[in-house]
Every structure is written in C-alpha cells, then in structure tokens.
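Given next are the chains, with one letter for each unit.
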Amino acid sequence: MKKGTFLLSALLACLLPALPLAGCAFSSPEAVTGGVQFTALQQSDGWNYGGSGPDGFYFVSADCREDGSTNLLYLDYATGQQVYLCSQPNCSHDTDACTSYLPYSAGGILSSVVGDRLVLVFPGNLQEAAGTDTVLPHIETMGLDGSDRKTTVTFGANQVISRPLVTDGQYLYTRLSTTAEDGSFTARLVRIDPDGGEPEALCDLNQEWLKGGAGSRLILWDADQTYVAYDPATGERTTLYQAEDALFTSNLFGSTLAYLQDGVFHLLDVPTGQDKTLSGYQVSEEEKPCISILDADEDHLIFRLENSGSSTYSMLTADQPPQPWNLVYSAGGTDMPYARITPVGDDRYLVVAGQDSPQGSGLQEGPYAVTGAPQYRLMSQEDYWNGIVPK
C-alpha cells in the first residue's frame, strides 16, 4: 500500500465511471438548492487549526491551565499581533467572565468562521479523561469581535460531533453519533443551524464519515475505501473513487486533484475538468513506494521523496523538471513541511512555519497532551510554491 500517492482537494468524478447507490431523501429538499457550495472548515483528517475571518485568524491557544481551560486567540493579519479575543480592560482572561475563556473540553474545541459570526463547536468525547470535569457537546456563537457570546445548541452527553465540519456559508454539516443506554450505536449525517434549533437528520451513516465538500455535494468516505458524493437536495449517492491509497482533502484553496498515473503526476481542476500533465518528472517503479504528495493547486504540486531515512522536497509545475522546495522546519527532532492554512487576500497565504516549545502553568499535569504552539506566518503565494523561506 503506497500511502500519500494521491492528494485530493476534490474527487475523481471524471476519471472513473460513476455508480449510483441507494440514498436517503433529505427531509426538506427545498432548503438546499443547486447553488449551495460546500466548504470544509477543518482538514479532511479532522485536524483543526482555526477559523479565518476577513481581517484575522481565530484559534485556540496551545497553552492551558491545570484544569484544562485555555483561551481563544486572534491573529491580526495587518499587524501580525496575537491577542486574546477580549476587549475588557484589565481582564485576567482566566474565568468565564472573559469572552476569550474556554473551559476544558474532552473532545477539543473547533473555532470556525461561518458567515459573519464566529462559531465554537465543542464536539464531546465519550472517553473523556478520568476524574476531570468537562462540558456537554454544544455550539456557541459570537460576533467576530467576541461580543454577544452565547450557547445556541446543546447535545447529549452520549453524543459526539465528528470532524471535519462542512459549511454552506450558513449551516453546519457533520456526522453526529449517539450511543444508547443499551450500548447500541447510531450515526447520522446532520445539518445544524448554529443560531439554534434541533439538528436535522439528512441520512443514516454506517461505516461512513464526512470528509468535506465539492461544489454542491458532500463527500463521504466508507470504511471499504470508497469515496461517495452525496447530494443533500436529492438524497442521491454516487461512487466517485475507490482505492486504498487515496486521500481526500477539502479546504479553502479550491478543488484540485493531484494523482500519479503511469509514473507521471497530473493536476485535475475538478470544476472545469481541465487536466494538466506535469511531464517534467517521471516516477520510477523503485521510487513510487517512497513518494508522498503533500500539497497541490491547479498549477503546482509539492511532493516528498524518502530515501534511506532522509527526505527531499520538490515542486513541480507544467513540463518543468522538479525544483527544490525548502520550506521545512524542525519539531521535536522531526522535519515538518510548512502547511497552508488559508488564503489571505489575492496573493498571500497564512501558513504554519514552525512550532514553539510548550509553556504555561500546569501543562504537565493538565488533561491535555503537551504540545507546542504553531508559529503562524503570512507569506506570498509565489514564495510558498517556490520554496523561498520568508524573511
């Protein structure tokens, strides 16, 4: 099995024949129209960096107290400053009187920007840390300045919200699992209004997980390694791709599928159907098990080649030979590539460019695992793809 051979920012709908599957009808089809565009709010593997607003980035601090509480921080794009999302003078930021204060949540806390509001999702966790107090899974909303924070939706202690979350710009879509007293387990794909109301069941899920969105369809992944496009407006399911070595990613950067065919990389722009062949590099049979695709857009592809315990990173475009890609930092003695988080304006990216050492009071004794805080940095899109380390 060759992991990482594919990087999917959308699915391979036009490369393989579509197979219709039985689906379940959306309970109110008129609520979802063909104009809906779905976007994942976290990485497809569920990793959550934070939420991007028009002027800054909202994220949960990696520093926490002995009781597991932490804070919501704001990174201002214009100044590069990181501050507590709190406007109260002389605030200590360590009680629930502060708008940035976050209590311990066994399932973590997901911060996302949906429309003109900030949405905090507390997913829940049935296997919470023993002997600690935690909160019920719930949703909070607030203004982008932290004002008018309130709990809008609360779930049961026997329920868990899976990540990633997907949005159409108004609602949240997620896999909601429920465990009954007799131990039976159910999972449903649901639509949630962050402003309140009961979750609306769209479809039962068996061994399926929500992975993101592509246009007007939600993307599900089945345990048999099948990717399925689900249309909430009609309930129709379509098999898009099946392979053990496929990886779907859905994010704010568009819909590009990078794949390797007959030893040559391809970039497929899913909305237009345009397929570009990156003919400047031929992957040998010996190299194929050692290659991982890390990132791609409609014009560029970044891959890693592992050889004898060492890794080299390269960027490909058009018919040009690969060029070195040097955006790598060390974390815990391991080389880590820069990670794109969100576009900022028309020509910059917010990226993770390093990791600070863990610090803070009580981290070693707290319920969370000790981690370092990501170092966020703005850099030009051109420098990112060309592997130029920002000054």
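Our subject is the structure listed above.
Now for a description of the structure that goes with this document.

Criteria and cut-off values
- Residues numbered from 1 in each chain as written.
- Predicted model: local features only at pLDDT ≥ 70, side-chain atom pairs only at ≥ 80, totals over all residues.
- Heavy atoms only, no water.
- Salt bridge = Lys/Arg side-chain N within 4 Å of Asp/Glu carboxyl O.
- Helix = DSSP H or I, 4+ residues; strand = E, 2+ residues; numbered from the N terminus.
- Buried < 20%, exposed > 50% of the residue type's maximum accessible area, 1.4 Å probe, protein only.
- Pairing = 2+ DSSP bridges.
- Axes fitted to C-alpha atoms, helices over the stretch in contact; angles between N-to-C directions.

Description of the pattern of salt bridges
Two side chains carrying opposite charge are able to pair once their charged atoms lie near each other.
Turning to step 1, where the next piece is worked out: If you walk through the whole model with that rule in mind, you get 10 salt bridges.
Turning to step 2, where the next piece is worked out: A salt bridge links Arg237 to Glu208; the shortest N-O distance between them is 2.5 Å. Of the two residues, Arg237 sits in strand E21 (residues 237–242) while Glu208 sits in strand E18 (residues 208–214), which places them 29 residues apart along the sequence.
Turning to step 3, where the next piece is worked out: Residue classification places Arg237 among the buried positions, given a relative accessible area of 8%.
Turning to step 4, where the next piece is worked out: Taking the shortest distance from any N to any O, the salt bridge between Glu285 and Lys288 comes out at 3.1 Å.
Turning to step 5, where the next piece is worked out: According to the relative accessible area criterion, Glu285 is exposed, its value standing at 56%.

Let's talk about the sheet that holds strand E31 (residues 339–344)
Turning to step 1, where the next piece is worked out: Pairing within the open sheet is antiparallel, and its three strands lie in the order E31-E32-E33. A single partner strand is all that each edge strand has here, and the edge strands are E31 and strand E33 (374–380). Strand-to-strand twist in this sheet, taken as the mean axis angle between neighbours without regard to direction, amounts to 35°.

Let's talk about the pairing of strand E15 (residues 172–179)
Turning to step 1, where the next piece is worked out: Burial runs high along E15: six of the eight residues are buried.
Turning to step 2, where the next piece is worked out: As defined by bridge partners, strand E13 (residues 159–161) adjoins E15 across three bridges and the pair is classed as antiparallel. For Ile161, the partnering residue across the bridge sits in E15 and is Leu176.
Turning to step 3, where the next piece is worked out: Direction of pairing for strand E14 (residues 166–167) relative to E15: antiparallel, over a ladder of two bridges. Within E15, the position partnered with Thr167 by the bridge is Leu172.
Turning to step 4, where the next piece is worked out: With eight bridges joining them, E15 and strand E16 (residues 185–192) adopt antiparallel strand pairing. Among the inter-strand pairings, Arg175 is bridged to a residue of E16, identified as Leu189.
Turning to step 5, where the next piece is worked out: What sits between the antiparallel neighbours E15 and E16 is a turn of five residues, in which Gly183 has the positive phi angle 90°.

Notes on the environment of Val228
Turning to step 1, where the next piece is worked out: Secondary-structure assignment places Val228 in strand E20 (residues 226–230).
Turning to step 2, where the next piece is worked out: Note: C-alpha distance between Val228 and Leu218 (10 residues apart in sequence) is 8.3 Å.

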